[in-house]
There are 2 protein chains.
Amino acid sequence: MKQIEGGVTAAKGFEAAAATAGIKYQGRADMALVYTKTPAVCAGTFTTNVVKAAPVLWDKEIVAKGDLVHAVVLNSGIANACTGEEGKRLNVAMAAAVADQLQVEKEEVLTASTGVIGMQLPLEPLQKGAALLKEELSGSRAAAAAAAKAIMTTDTVPKEAAVSFDVDGVMVTVGGMSKGSGMIHPNMATMLSVTTTDAAISKEDLQELVSEAVSDSFNMISVDRDTSTNDTYLVLANGESGVMVKKGTKAYEDFRAALFYVSTELAKKMAADGEGATKLLEVKVTGCETEEKAKILSKSVITSNLVKTAVYGSDANWGRILCALGYSGAEFDPEAIDLTLEAGDSSLVLVKDGVATDYREETATELLSKEKVTVICDMKEGNCAATAWGCDLTYDYVKINGDYRS
Amino acid sequence: MKQIEGGVTAAKGFEAAAATAGIKYQGRADMALVYTKTPAVCAGTFTTNVVKAAPVLWDKEIVAKGDLVHAVVLNSGIANACTGEEGKRLNVAMAAAVADQLQVEKEEVLTASTGVIGMQLPLEPLQKGAALLKEELSGSRAAAAAAAKAIMTTDTVPKEAAVSFDVDGVMVTVGGMSKGSGMIHPNMATMLSVTTTDAAISKEDLQELVSEAVSDSFNMISVDRDTSTNDTYLVLANGESGVMVKKGTKAYEDFRAALFYVSTELAKKMAADGEGATKLLEVKVTGCETEEKAKILSKSVITSNLVKTAVYGSDANWGRILCALGYSGAEFDPEAIDLTLEAGDSSLVLVKDGVATDYREETATELLSKEKVTVICDMKEGNCAATAWGCDLTYDYVKINGDYRS
């Protein structure tokens, strides 16, 4: 498996485009399109929020039906959530406008929206945008990058990842993009992410792998514990590599690894780019009885506002980590825990058997000042582990969200 | 029932004191004592965090045994949590030092600590403090106020509440104090709160009422979703009013109302004094199928960082409220909800049947700029309701917690 430069156009047969439609933002691209001429099998996972955006309802139905698809159209600026019947109508209009341009059925076009909740999409810009997207479609690296940029809201960097692997001399590629910076606490899915692959795979196998990948990647990050109304993770497989990926083969295992790699990379990039964040916080819980418990414990630490502010202040206030493990809902022996801090090539044991070691605060502060900080919590009760990713809580998070809509 | 000025010394026979022991803070009171010569029935609730501070373990055992008690000694600055066997030994030393001064058994002295996790209490200041507390003991209003002040950490104001009611011409009083500003997401209990009453009541009845009161008051507030290791709520009843409060009597109902009033007032004062907070946020969920569901929904809204930052910015970003209701775990019909904003004497309907009304943003911003803001979510599915209290998330929260220990 080889990491490569690229995003949604890395896999054979996929094209992408971005357009400045003027939906809400002025003077920047705000619509994106991912297209495959060869129809693709599609799997997806969506927000578990009871309040679901119009595009989520649309996609869920299409993915459940299992028909092949040709495209995903995405917009930023307006989330099309809490918009009632009118919102549903405008979402279909967005799919239809793109379908007209591509000369496919509107049910072959998936949709995704991100931005302010409660506002209606404006029809005219959508239609203008659809025409622009058609013109710009290209299989180039630049087209994928432009699409990844067009779906950003408060993100500060576009997020892409791609990887290739070899099956009997034939290259198979998996590449994806995602956006997400605030209202990030994915549950069954992330914010918006589209991943494409030229592998040939059945709908059932793809859905199974996608659900698995999500639980180890997107569902293991959090910026602010707020699960959005629009979380959507779509994977399109058009089979253009000519390689059929079947359960029980090495190709299947390679594809699984590739999909997990891309989803984990995208998830980590979202956590690191959390609204206002200055640091990526990685929490590994090891020595656990079960993996599920390790996940609960690690997520509890990365979502604690008190841990997040301490990381921001480079303060090794490890009591807050033990406190967050303690209220996670999981049972454990507090007097067995070891806590280790890792950053760069250095590591430092803060807690041994539940009480402080005589570590130097200066050393801890130095480690915590790095851009990526890892905390390892060894529960010493078993052999299972899990990793979760989050970020620090800063003045800028408050600034960005104190006045997001203006 | 009449609200009165006062705290833990409002009820007959209770005395209080504060002392500057020099445990961690310099030049301010950091120990407090509540004492009743007449031994008191005691009920309490404690943190559900798996990691429990030494004083919590001590109190739980005493309260479970059900013996009468004489005193509660509290300290601020050091939480005595994650301190192992040495921490337990020092906690007993604190109880014993006070017991020696009061000439009672150490098992008749409850303890409570709040402050930094992981540090050991220093023995000498504890012993010095115990002697000072004994000297200062008084039933005065000022003594109660001094005690309420001594237990503060990042709190900006002391928190007290008291109320009296009449039973056949005899006054019965309930008064309490609490502290709590950060790491506030009580679960079965709050941070530290001691309430006293001169009612005569059985241990069983008192414990039942305390548990009920907690679920409608302390358990309905949150500052940062972090459930502490030290949450302790103790109620001492010494019977000095001579009024026996028995189930099925009007006195019992009056006592219940008094206890609920004091616990709710203290809880609201903690939410309003959340670390860095500028506003009290009250969320009422009405028209719900069950009270439990209304509680889940209202707590989900007050704990959302995105709702909290929007309230800070006086931005009526109601989509975040619907989003937080939606990921609470409770099922409901998003297209039935009405959202109303209330502040002072004004109210404004933001959402009707799940979609925005044509309210004026300027009016909404004006309401949101008040010191106390109420959001009413009418689910229109039943007759149950619940109220939760929180606060806004501000720059100062980040500032306070980015460097709490220094």
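We now turn to the structure provided with this report. As the structure is a computational prediction, the values presented were derived from the model and not from experiment. (Residues numbered from 1 in each chain as written. Chains lettered and ligands numbered in written order. Predicted model: local features only at pLDDT ≥ 70, side-chain atom pairs only at ≥ 80, totals over all residues. Heavy atoms only, no water.)

### A look at the interface of chain A and chain B
Worth spelling out the cut-off: Contact definition: two residues touch when any of their heavy atoms are within 4.5 Å. Here the quantity called buried area is the total loss of accessible area, with a 1.4 Å probe, experienced by two parts when brought into contact, counted for both. By definition, a salt bridge exists where a carboxyl oxygen of Asp or Glu is found within 4 Å of a side-chain nitrogen of Lys or Arg. Whenever two N or O atoms come within 3.5 Å, that pair is a polar contact, provided that in protein one can donate a hydrogen and the other can accept it, and provided that, for residues adjacent in sequence, both atoms are side-chain atoms. Secondary structure elements are taken from DSSP: a helix is a run of H or I of four residues or more, a strand is a run of E of two residues or more, and numbering for both begins at the N terminus.
Counting residues at the interface gives 56 residues for chain A, matched by 56 residues for chain B. For the chain A and chain B pair, buried surface summed over both sides reaches about 4500 Å², with 58% attributable to carbon and sulfur atoms. Our enumeration of links across chain A and chain B arrives at two salt bridges. Applying the counting rule to chain A against chain B returns nine residue pairs in polar contact (both at pLDDT 80 or more). For the side of chain A that touches chain B, the secondary structure elements donating two or more residues are α2 (84–102), α8 (305–312), α9 (319–326) and α11 (395–402) of chain A. Of the residues forming the side of chain A that touches chain B, the biggest block, six residues, is contributed by α11(A).

### Thoughts on the pairing of strand β8 (residues 192–197) of chain A
Walk down a regular strand and you will see the side chains alternate between the two sheet faces. All names here are of chain A. Here is the rule: Buried means the residue's accessible area, taken with a 1.4 Å probe over protein chains only, is under 20% of the maximum for its type, while exposed means over 50%, and partly exposed covers the values in between. Note on pairing: DSSP must find at least two bridges between two strands before they are called paired.
Counting buried residues along β8, six of its six residues qualify, which places the element largely inside the surrounding structure. Burial along β8 is two-sided: Leu192, Val194 and Thr196 and Ser193, Thr195 and Thr197, pointing in opposite directions, are all buried. Here β8 pairs with strand β9 (residues 232–237) via six bridges, running parallel. Paired with threonine 196 across the strands is leucine 236, a residue of β9.

### Structural notes on the packing of helix α8 (residues 305–312) of chain B against helix α9 (residues 318–326) of chain B
Residue and element names in this part refer to chain B. Our working rule: Helix axes are fitted only over the stretch in contact, all axes being lines through C-alpha atoms; the angle between N-to-C directions runs from 0 to 180 degrees. Throughout, the term roughly parallel applies to angles under 35 degrees, roughly antiparallel to angles over 145, roughly perpendicular to angles from 65 to 115, and oblique to all others. The handedness criterion is simple: a crossing whose near helix is rotated anticlockwise from the far helix by less than a right angle is left-handed, and one whose near helix is rotated clockwise is right-handed.
The interhelical angle for the contact between α8 and α9, taken along N-to-C directions, is 155°, at an axis separation of 9 Å. Here α8 lies roughly antiparallel to α9, going by the angle between them. For the pair α8 and α9, the sense of crossing is left-handed. Residues Leu306, Val307, Thr309 and Ala310 of α8 form the contact with α9, whose own contacting residues are Arg320, Ile321 and Ala324.

### Some words on the pattern of salt bridges
Evaluation of the coordinates by the stated rule reveals 41 salt bridges over all chains. B:Lys159 is paired through a salt bridge with B:Asp155; the nearest N and O atoms lie 2.7 Å apart. Of the two residues, B:Lys159 and B:Asp155, both sit in the buried class. The shortest N-O distance in the salt bridge between B:Glu212 and B:Arg256 comes to 2.4 Å. Residue B:Glu212 is found in helix α5 (residues 203–216), and its partner B:Arg256 is found in helix α6 (residues 250–272); the two are separated by 44 residues along the sequence. We classify B:Glu212 as partly exposed; its relative accessible area is 27%. Shared partners join several salt bridges into a network, and the residues in it are A:Asp338, A:Lys352, A:Asp353 and A:Lys380.

### Quick look at the sheet that holds strand β13 (residues 355–356) of chain A
Residue and element names in this part refer to chain A. With mixed pairing, six strands are arranged side by side in an open sheet as β13-β12-β11-β14-β10-β15. Only two strands of the sheet have a single neighbouring strand rather than two, namely β13 and β15 (384–391). One ladder, built from five bridges, connects strand β11 (residues 338–343) with strand β12 (residues 346–352); its direction is antiparallel. Paired with leucine 339 across the bridge in β12 is valine 351. Its contacts with the sheet place helix α6 (residues 250–272) against β10 (280–288) and β15, and it is angled at close to 40° to β15.

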